[in-house]
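What follows is the residue order along each chain.
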Amino acid sequence: MGAMKLNEKSVTHYALSNSPADHMGFLRTWGGPGTPPTPSGTGRRCWFVLKGNLLFSFESREGRAPLGLVVLEGCTVELAEAPVPEEFAFTIRFDAPGVRPHLLAADGPAAQETWVKVLSRASFGYMRLVVRELENQLHDARQSLALHRHSSWKAITSHCKTQSPDHLSRGLENGQTLSKDCSPKGLVEVESSRPAGRGLAECELQGPASLLLGRGQSPVSPETSCFSTLHDWYGQEILELRRGWLQRARGSQSQFEEQDRA
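Note that the structure is a prediction, hence the values are computed from the model and not measured. (Residues numbered from 1 in each chain as written. Predicted model: local features only at pLDDT ≥ 70, side-chain atom pairs only at ≥ 80, totals over all residues. Heavy atoms only, no water.)

### What to know about the side chain of Thr 91
Argument step 1. Within the fold, Thr 91 resides in strand S6 (residues 88-94).
Argument step 2. Overall, the relative accessible area of 3% leaves Thr 91 in the buried class.
Argument step 3. A polar side-chain atom of Thr 91 sits 3.4 Å from the main-chain carbonyl oxygen of His 102. (Helix = DSSP H or I, 4+ residues; strand = E, 2+ residues; numbered from the N terminus. Buried < 20%, exposed > 50% of the residue type's maximum accessible area, 1.4 Å probe, protein only. Polar contact = N/O pair within 3.5 Å; in protein donor to acceptor, adjacent residues only side chain to side chain.)

What follows is the structure, given as structure tokens:
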């Protein structure tokens, strides 16, 4: 595998830009790929900034030029023993042969655990696995929703089929709608663009559900891409609640008036 070439000015600009960092903090380093070598012993305490799959090191928190850079691809992050006692160390180990591990140490066990987690999840390979898993979950959710819609529609049509076919067809031919028990109810004018069979779905659904069926959408889950549909869907329930509240308020007011007269 050939060596990766990076534009130093572009990398420095990205390191110092206002783009949000995934993690940052002080770590002790004993050198490694992408950072200046340090003598064994106490090592060097540097300020590290993680952006995407790039780990930058600075001399201090206010440093204006990166000391080094580690590209977190083709590597694993593991707990390790530090040359200095009471240091919470971990190592970035690369798969490429001949590349020396990068040894780092945090100030405490909590910081050590956090750094190991964020560095392990920073690579492009890890993100690709996450995206693939999310795609599988989305696929399963869509299948489950489709199955639920199919089951709901099947239950509605099965109930309607228990009624007399001639009885239903005569009501539809005369321009009648179907009540909850699938019997003709009330003469209404049916628009010519509306299929006659649409009434079969409405025999079990009223209110917001029938509103959606009138627009060719599922009674179980309205399409969120249409704001007006969502507004009508939730507005039906709000109107029903408001009517009930007004009725109760009028009843309470009437009782108070009767008590005052008494």
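### Comments concerning helix H2 (residues 109-120)
Argument step 1. Taking 1.5 Å as the rise per residue, H2 with 12 residues should run 16 Å; its terminal C-alpha atoms sit 16 Å apart, in good agreement.
Argument step 2. When H2 is considered as a whole, its buried residues turn out to be Gln 112, Trp 115, Val 116 and Leu 119. Looking down the long axis of H2, one finds its buried residues gathered within 100° of arc, a one-sided arrangement. (Expected span 1.5 Å × (residues − 1). Arc of directions from axis to C-beta.)

### Some points on the packing of aromatic side chains
Argument step 1. As enumerated under the stated definition, the model contains two aromatic pairs in all.
Argument step 2. On the numbers, 4.8 Å between centres and 70° between planes, the contact of Phe 26 with Trp 47 is edge-to-face. Linking Phe 26 in strand S1 (residues 23-29) with Trp 47 in strand S2 (residues 44-51), this pair joins segments that are 21 residues apart in sequence.
Argument step 3. The exposure class assigned to Phe 26 is partly exposed, which follows from its relative accessible area of 25%.
Argument step 4. Of note, Lys 51 hangs over the ring of Tyr 14, and the distance from its end group to the ring centre comes to 5.2 Å. (Phe/Tyr/Trp six-rings, centres within 6.5 Å; stacked < 30°, edge-to-face > 60°. Lys NZ or Arg CZ within 6 Å of the ring centre and 35° of its normal.)

Taken by themselves, the reported measurements are silent on function.
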